[in-house]
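# Coordinate analysis (summary)
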Amino acid sequence: MPHAAGIAYAFKYLKKDSAVIAYVGDGGTSEGEFYEALNFSGVFQLPLVTIIENNQWAISVPRKMQSSAETLAQKGFAAGFKNILQVDGNDVIAVYKATKEAIEKASEGPSLIECITYRMSMHTTSDDPTRYRSEDEVKAWQAKDPIARVRKYLVSKGLSNDDLESKMVEEQKEKIDEAVEKAEKFVHDPKSVILGSSIGMAIGGLKPIPEIQFAGFMFLAFEQLINHAARFRSRTRGRFTTPIVVRTPVSGGVRALEHHSESPEAFYSHVGGLIVVEPSNPYDAKGLLIRAVHGSDPVVF
């Protein structure tokens with residue numbers, strides 16, 4: 001979510017006629033980063049469309065145990081979202097219409113769409129959903145299957161039949177096989193909103209210079225800095241870079257034991273893809289900062 005908000009910020013700053021769509025599950029709406037990204041988007045009225053896939057289960061946690069809010073969509077009100085909708089997530093046409101309208105309104109500010117749907121299978125291959133939900137519940141949702149519903153609709157309108165469907169299925173299978181083959185050749189590497197949104201801005205074409213008040217506060221953003229910013233170039237095989245310059249002070253005689261006494265620069269120097277700069281005087285600081293800004297890799301300055 002912070003990445004999407006950052007990209008949306010870049011689009012608005014660069015005056016691009018574009019919008020960003022971010023998808024998040026019902027469980028994800030309980031995460032702090034979700035709220036931070038919504039708040040960031042609302043403050044700057046960014047062209048961001050957030051779609052919540054409310055499939056009733058966050059692994060084994062039911063929707064009623066995730067939030068006492070009547071709807072997940074209403075979480076957008078506190079962030080200043082003007083366009084907030086809840087739709088039948090198993091109605092393809094309803095979802096398409098809501099998304100299309102949200103994109104068309106993106107220049108006016110962010111939108112939040114909650115799609116009510118259901119996770120028919122397990123969360124992962126190691127998950128056993130029969131341990132926490134009933135078969136009757138699953139059968140009730142099977143009757144609302146979106147593929148069967150859209151098939152019935154297209155046939156009733158004379159837009160599809162068995163022959164057309166069979167041909168389409170074969171064509172899609174070929175595309176899926178090709179995509180899987182490409183994916184197998186690409187090795188994937190499996191919090192802070194400041195660094196997360198900055199990464200998004202960088203991906204969107206900007207060169208953000210986020211500042212963390214003290215180096216000790218960087219620990220709260222380790223995932224964004226280490227797992228995302230530093231690895232983005234290698235994870236995308238050089239197709240994308242994250243040219244951010246993270247400025248943060250270390251030492252300096254602050255003498256505060258809470259979060260201000262660390263000197264973590266040695267740790268960062270061991271992280272591949274991350275450049276560490278620690279100037280010793282104002283003259284070097286000026287020149288090195290200019291060089292860092294003109295670079296294409298993430299820098300901790």
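The present account deals with the structure reproduced in this document. Here the structure is a predicted model, which is why all the values come from computation and not from measurement.

What counts as what
Residues numbered from 1 in each chain as written. Predicted model: local features only at pLDDT ≥ 70, side-chain atom pairs only at ≥ 80, totals over all residues. Heavy atoms only, no water. Salt bridge = Lys/Arg side-chain N within 4 Å of Asp/Glu carboxyl O. Helix = DSSP H or I, 4+ residues; strand = E, 2+ residues; numbered from the N terminus. Pairing = 2+ DSSP bridges. Expected span 1.5 Å × (residues − 1). Polar contact = N/O pair within 3.5 Å; in protein donor to acceptor, adjacent residues only side chain to side chain. Buried < 20%, exposed > 50% of the residue type's maximum accessible area, 1.4 Å probe, protein only.

Moving on, we get to the pattern of salt bridges. For the structure on display, the rule yields six salt bridges. For Arg233, the salt bridge goes to Asp297, with nearest N and O atoms at 2.8 Å. Residue Arg233 is located in helix H9 (residues 232-235), and its partner Asp297 is located in the loop between helix H11 (282-293) and strand S9 (299-300); the two are separated by 64 residues in the primary sequence.

The strand order S7-S9-S8 describes an open sheet built from three strands, whose pairing is parallel. In this open sheet, the two edge strands, each paired with only one partner strand, are strand S7 (245-246) and strand S8 (275-276). The pairing of S7 with S9 spans two bridges and is parallel. What sits directly across from Val246, in S9, is Val300.

So, on to H11. When the terminal C-alpha atoms of H11 are compared, their 16 Å separation across 12 residues agrees well with the 16 Å that a helix rising 1.5 Å per residue should span. If you check the start of H11, you find a side-chain oxygen 3.1 Å away from the backbone N of Tyr283, and it comes from Asn281.

Turning to unusual backbone geometry, a few remarks are in order. For Lys15, which is not glycine, the phi torsion reads 60 degrees and is therefore positive. Along the chain, Lys15 falls in the loop between helix H1 (2-13) and strand S1 (20-25). Overall, the relative accessible area of 74% leaves Lys15 in the exposed class. A positive phi angle, near 60 degrees, is found at Ile59, a position not held by glycine. Considering the arrangement of structural elements, one finds Ile59 in the loop between strand S3 (57-58) and strand S4 (61-62).

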